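Summary of structural features
Residues per chain, in single letters:
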Amino acid sequence: MKQTIQTKHLLNLNETCAAPLLEQFEYPWQALPHISDFIISLGKTLSPDEYEQKAEHVWIARSATVFPSAYITGPTIIGPNTEVRHCAFIRGNALVGANCVVGNSTELKNVILFNHVQVPHYNYVGDSILGYKAHMGAGSITSNVKSNKSLVEVNCDGEKIATGLKKFGAILGDHTEIGCNSVLNPGCVIGKGSQIYPVSTVRGVVPEYHIYKQPN
């Protein structure tokens, strides 16, 4: 199962402008410390015909819809035809793709959202990467720091893979569905095509094309 959590297997890099960053790494979480620098570098190359620079290191596609009550700080890129709804809180280091939904009271921090990702209602997404057409149900969150503040490990088939990261939420493969009010604990990797039942607490790796239900 270890190969199924590799970047090239988990994520369709044709569906993100972060492909030049992600393709450098065997595992997608290895890109997390580099998101800020990548956004700043990429932002400087964006066409002013397609993107408007709203503030320092904040580029928003002219076709995107951003509600007045949304708060956005840089470095951030918001892609074409994306909707950022009321009271969204984008804290920086956020690379949001095309045709995404960042919903009311959703908070983003140090993330990559591939194209067509939806985090539409009361979500917290921090130090995470969400693959193509991933969807998080209302109230579902990524928990990105362990309670004892130790470095996050990825538990895969009983093997603990060191990440060297104190902050690492979750990696969602393409076409994943996260049920309402679920918690993805630090270092979660959800295989592509998998579904998490509502009100689940998830740890470690969920295999691809798998249905995960909270044990009784």
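Structure's up top.
The shown structure was predicted, so the numbers you read here are calculated from the model rather than taken from an experiment.

Topologically, Gln6 is positioned in the segment before α1 (7–10). Leave out the neighbours within four places in its chain, and Gln6 touches Glu26, Tyr27 and Pro28.

Right, let's get into the layout of surface pockets. Taken as a whole, the largest pocket spans an internal volume of roughly 260 Å³. Lining the largest pocket we find Lys146, Ser147, Glu153, Val154, Asn155, Lys160, Asn185, Pro186, Gly187, Arg203 and Gly204. In terms of residue class, the lining of the largest pocket is made up of 2 nonpolar, 5 polar and 4 charged.

The tally for this structure, following the rule as stated, stands at 5 salt bridges. Among the salt bridges present, the one from Arg85 reaches Glu83, with a minimum N-O distance of 2.5 Å. A relative accessible area of 26% means that Arg85 is categorised as partly exposed. Note that Asp127 is salt-bridged to Lys109, the shortest N-O span being 2.6 Å. A residue pair is termed long-range when its members are at least 10 positions apart, and Asp127 in strand β12 (residues 124–130) and Lys109 in strand β10 (residues 107–113) qualify at 18 residues. Residue class for Asp127 comes out buried when judged on its relative accessible area of 5%. Taken together, the salt bridges that share partners define one network made up of Glu52, Lys54 and Arg62.

Let us look at the environment of Gly79. Residue placement: Gly79 occurs in the loop between β5 (76–78) and β6 (83–84). Sequence spacing of Gly79 and Pro33 is 46 residues, and the spatial spacing of their C-alpha atoms is 21 Å. Apart from residues lying up to four places away in sequence, Gly79 is in contact with Tyr51, Ala61, Ala64, Val96, Gly97 and Ala98.

If you look at the biggest cluster of nonpolar residues, it comprises 68 residues, and the most contacted ones within it are Ile5, Trp29, Leu108, Ile112, Phe114, Val119 and Leu172. In this view, Leu108 contacts Phe89, Ile90, Arg91, Gly92, Val96, Val102, Leu113, Val119 and Val125; residues no more than four positions away in its chain are not counted.

Time to look at the state of the cysteines. Going through the model one piece at a time under the given rule, you end up with 0 disulfides. Just so you know, Cys87 is unpaired, no disulfide at all, and the nearest cysteine sulfur is the one on Cys180, 20 Å from it. With no disulfide of its own, Cys100 lies 9.8 Å from the sulfur of Cys17, the closest cysteine sulfur.

Residue Pro75 follows Gly74 across a cis peptide bond; omega there is 0°. Note that Pro75 resides in the loop between β4 (71–72) and β5. In this structure, Asn110 is a non-glycine residue whose phi angle is positive, near 55°. You can see Asn110 is positioned in strand β10. The backbone phi angle of Val199 is positive, close to 55°, even though this residue is not glycine. For Val199, the location among the structural elements is in the loop between β21 (195–196) and β22 (201–202).

Side chains of strand β15 (residues 152–156) alternate between two faces, with Val152, Val154 and Cys156 buried and Glu153 and Asn155 left unburied. Linkage of β15 to strand β16 (residues 159–165), two consecutive antiparallel strands, is achieved through a turn of 2 residues, within which Asp157 is found at a positive phi near 55°.

All told, the structure shown has 3 aromatic pairs when counted by the stated rule. Of the aromatic side chains, those joined through ring pairs into one cluster are Tyr27, Trp29 and Phe168.

Once that is clear, we can look at helix α3 (residues 35–43). Among the residues of α3, those classed as buried are Ile35, Phe38, Ile39, Ile40, Leu42 and Gly43. Where the residues of α3 are buried, they touch α2 (19–22), β2 (58–61), β5, β8 (94–96) and β10.

Moving on, we come to the environment of Gly173. Relative to the helices and strands, Gly173 resides in the loop between β17 (170–172) and β18 (177–178). For Gly173, a relative accessible area of 0% corresponds to the buried category. Once the C-alpha coordinates of Gly173 and Thr106 are considered, the two residues, 67 residues apart in sequence, prove to be 20 Å apart. Excluding anything up to four places from it in sequence, Gly173 contacts Leu10, Leu11, Gly131, Ala134, Ile190, Gly191 and Lys192.

Rules used throughout
- Residues numbered from 1 in each chain as written.
- Predicted model: local features only at pLDDT ≥ 70, side-chain atom pairs only at ≥ 80, totals over all residues.
- Heavy atoms only, no water.
- Helix = DSSP H or I, 4+ residues; strand = E, 2+ residues; numbered from the N terminus.
- Contact = heavy atoms within 4.5 Å.
- 1 Å grid on protein atoms, 1.4 Å probe; cavity = no way out; pocket = protein on both sides within 12 Å on 5 of 7 lines; lining within 4 Å.
- Points joined across faces, edges and corners; volume = space filled by probe spheres on them.
- Nonpolar A, V, L, I, M, F, W, Y, C, P; charged D, E, K, R; others polar.
- Salt bridge = Lys/Arg side-chain N within 4 Å of Asp/Glu carboxyl O.
- Buried < 20%, exposed > 50% of the residue type's maximum accessible area, 1.4 Å probe, protein only.
- Core = buried A, V, L, I, M, F, W, Y, C linked by side-chain atoms within 4.5 Å.
- Disulfide = S-S within 2.5 Å.
- Pairing = 2+ DSSP bridges.
- Phe/Tyr/Trp six-rings, centres within 6.5 Å; stacked < 30°, edge-to-face > 60°.

So, to be careful, I would describe these as geometric facts and stop short of saying anything about function.
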